[in-house]
Amino acid sequence: MADKDAYVNDGGHKVQVSPASASIEDDLKLIRDAARSLPPEAVKDLLSNGVCGRCIFWLFSIHRHILHCPSISSSVLSAILRESAETEGDVADHPNNLNSVEEFEEVEVCKNCLGIMQFVYRDAKEMLAKKASAIDFATTIADVVKLECHQIENFSLELSLPSIIVDNEEAIWLYMKKTYESKPWYHEKFPSRSITIKEFLRLSLTHPLEILLDVKSNPSSFHIRLTYKLSDASQNGQLISKGNECNKRRKIDDNDDLKKHANVHKVEEHEERKNSSNELGDHKLGCLTFSLEKVSRCCSLIIQCYRNSIYIGGRYLKYSRKVSQTRWIIDDERMGEASVEELVGGTILPICQGDSYKFHAAGREDIDVRMLGTGRPFLVEIQNARQVLSEALIKDIETKINSTETKYVRVKNLKESGSQGWALMHEGEAEKQKQYVAVVWISRPLDDNDVETVTSLKDMKTLQKTPVRVLHRRSSLVREKIIHWYEHFQSTNDTSLASHFDSRLFRLMMPNISG
């Protein structure tokens, strides 16, 4: 048997709820029962002032009912509230003394949430977009995530709302207190505080996104971010205090110490502002009105998804004297045949499907110097990687780098690194001590006193001019260096030299600070 269509009455017009099912009908009954529990006079007042249905349910802390029914559209919620107010309300008690409920106009953009809880926004092309319900809006967000081809195990939902939303929340709470505190139902029906609009939106979208993406919402390295912006809040209507200066913010200029030292984040100030009504005396409530200019423009919305940078670290060995550590271009001419950065990072990036990469190494060697032995520690930072790393994938990366035809560079001990990756870099810093060996000839035979004098020198400071070979990338300066100690040993390999110069030829090892 085909399901029958369900309808609600909206000011004499029927609004169809589709698809009609037992679940939808149960949701409608739940919402209708919740709407009937609200004071009709307050509902009429809010509707006539351009507040959307979701904001009204939020204001009376009945948001749990809305969260339970994510497929119910904004127009249906408003229609149910109008239907409830029309059948149960006493028009004479209405604060604005409306003659009839038919005077309500269809809300285009809510004057409290500026369309955010109606899922109305302007997209990246500044085209107006409207999603019927939380499910529909979550589907749009999930499509963006899927289009980016991210492999995800969980997600974190981040929201950024204009600061005017916080101001609107505060003003509507104060207006309700000023207008209805004397009513018998006020303390029973109207809560002292509710969750913020921002948190309400997060809760509205989280569960539908979990279903659509088939993963849970947890603290995660993968983020879905919704950024709402208002181009000119002063022209789009605000909850303001007309002819009133009691609640104005002090303007802070760029040189003000308060701006320099205060940690002010307008978008994230909900918690700070929650108790602000307690700080406002009752005498200030009279300053506030709930009168707005018509909202002509909703917020623009940017939907982004990204993963925190991932780090792959290890040690590299360089076998060629024609390979620089990083890409080296002078006057549009490449120096050397390749770079470690490109050979390693350029291999990792497409495998991880990231946007870009950065190469970090513990120190550097000149282009004509090989890196042998245990190798130099390095990290490759992959930004916004689509692929989740695994041991098998990292092994494939290492194999691919080490099997290149040129054999210029090899890597070893490759692994994913978190914050501990920088400890690997510091390990390399500790190794940044260079040892120089010089063949020395003196004009007289070397005796034991000479050896004792030389080897007794410790941490001797010396001055070094910038070498000519690096003047293209370093300033020409005289820098202080330290020779940690001297170690003498007689030449045994260079027998031809030793026989010619006798005991006047020897080798001197000098461990120095790097650079």
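Up top is the structure.
Residues numbered from 1 in each chain as written. Predicted model: local features only at pLDDT ≥ 70, side-chain atom pairs only at ≥ 80, totals over all residues. Heavy atoms only, no water.

Caption draft 1: Local environment of unusual backbone geometry. The phi angle at Asp332 is positive, at roughly 65°, despite the residue not being glycine. Looking at the secondary structure, you find Asp332 in the loop between strand 11 (329–330) and strand 12 (333–334). Backbone geometry places Asn384, a non-glycine residue, at a positive phi of 55°. Position of Asn384 relative to the elements: it lies in the loop between strand 15 (371–383) and helix 14 (391–402). (Helix = DSSP H or I, 4+ residues; strand = E, 2+ residues; numbered from the N terminus.)

Caption draft 2: Looking closely at the packing of helix 2 (residues 40–48) against helix 7 (residues 163–180). Contact pair helix 2 / helix 7: the axes reach a minimum separation of 12 Å and the direction vectors enclose 135°. Our classification of the angle between helix 2 and helix 7 gives oblique. As helix 2 packs across helix 7, the resulting crossing turns out to be right-handed. When helix 2 is examined against helix 7, the residues Glu41, Ala42, Asp45 and Leu46 are found in contact with a partner set consisting of Ile172, Tyr175, Met176 and Tyr180. (Axes fitted to C-alpha atoms, helices over the stretch in contact; angles between N-to-C directions. Parallel < 35°, antiparallel > 145°, perpendicular 65-115°, else oblique. Left-handed = near helix turned anticlockwise from the far one by under 90°. Contact = heavy atoms within 4.5 Å.)

Caption draft 3: Structural detail: the side chain of Ser78. Secondary-structure assignment places Ser78 in helix 5 (residues 74–88). The class of Ser78 is buried, set by a relative accessible area of 8%. Separated by 3.3 Å, the side chain of Ser78 and the backbone nitrogen of Gly53 make a polar contact. Contact partners of Ser78, with chain neighbours within four places excluded, come to Cys52 and Gly53. (Buried < 20%, exposed > 50% of the residue type's maximum accessible area, 1.4 Å probe, protein only. Polar contact = N/O pair within 3.5 Å; in protein donor to acceptor, adjacent residues only side chain to side chain.)

Caption draft 4: Region of the structure containing the pattern of salt bridges. Counted according to the given criterion, the structure contains 14 salt bridges. A salt bridge links Arg202 to Glu199, with the nearest nitrogen and oxygen atoms 3.2 Å apart. Note that Arg202 and Glu199 are positioned in helix 9 (residues 197–213) at a spacing of 3 residues, about one turn of the helix. Sharing partners across several salt bridges, the network here consists of Lys29, Asp33 and Arg36. (Salt bridge = Lys/Arg side-chain N within 4 Å of Asp/Glu carboxyl O.)

Caption draft 5: Region of the structure containing the packing of aromatic side chains. A complete count under the given rule lists 12 aromatic pairs for this structure. Pairing Trp58 with Trp173 gives two aromatic rings, centres 6.2 Å apart and planes at 80°, and the pair type is edge-to-face. Of this pair, Trp58 sits in helix 3 (residues 53–59) while Trp173 sits in helix 7, placing them 115 residues apart in sequence. A residue is classified by how much of its surface remains accessible, and Trp173, at 7% relative accessible area, is buried. Here the aromatic rings of Tyr121 and Phe137 are separated by 5.6 Å at their centres, their planes lie at 45°, and the arrangement is tilted. Of the two residues, Tyr121 is situated in strand 3 (residues 120–122) and Phe137 in helix 6 (residues 134–147); the sequence distance between them amounts to 16 residues. (Phe/Tyr/Trp six-rings, centres within 6.5 Å; stacked < 30°, edge-to-face > 60°.)

Caption draft 6: Helix 9, seen in detail. Given a rise of 1.5 Å per residue, 17 residues ought to cover 24 Å, and the 24 Å separating the end C-alpha atoms of helix 9 matches this to within 8%. Just beyond helix 9, the residue with positive phi is Asp214, at close to 60°. (Expected span 1.5 Å × (residues − 1).)

Caption draft 7: Structural view of helix 14. The terminal C-alpha atoms of helix 14 lie 17 Å apart, and with 12 residues this matches the ideal 16 Å at 1.5 Å per residue to within 8%. Leu393, Ile394, Ile397, Glu398, Ile401 and Asn402 are the residues of helix 14 that are buried. Taken end-on, helix 14 shows its buried residues confined to a sector of 170°, consistent with a single buried face. Turned more than 90 degrees from where helix 14 packs its buried face, Ala392 and Lys395 sit exposed. Residues of helix 14 that are buried in the fold lie against strand 9 (310–318), helix 13 (340–352) and strand 16 (409–417). (Arc of directions from axis to C-beta.)

Caption draft 8: Broad picture of the environment of Ile483. Within the secondary structure, Ile483 sits in strand 19 (residues 478–485). For the pair Ile483 and Pro511, spaced 28 residues apart in sequence, the C-alpha to C-alpha distance is 6.1 Å. The residues contacting Ile483, other than those within four sequence positions of it, are Lys458, Asp459, Met460, Thr462, Met510, Pro511 and Asn512.

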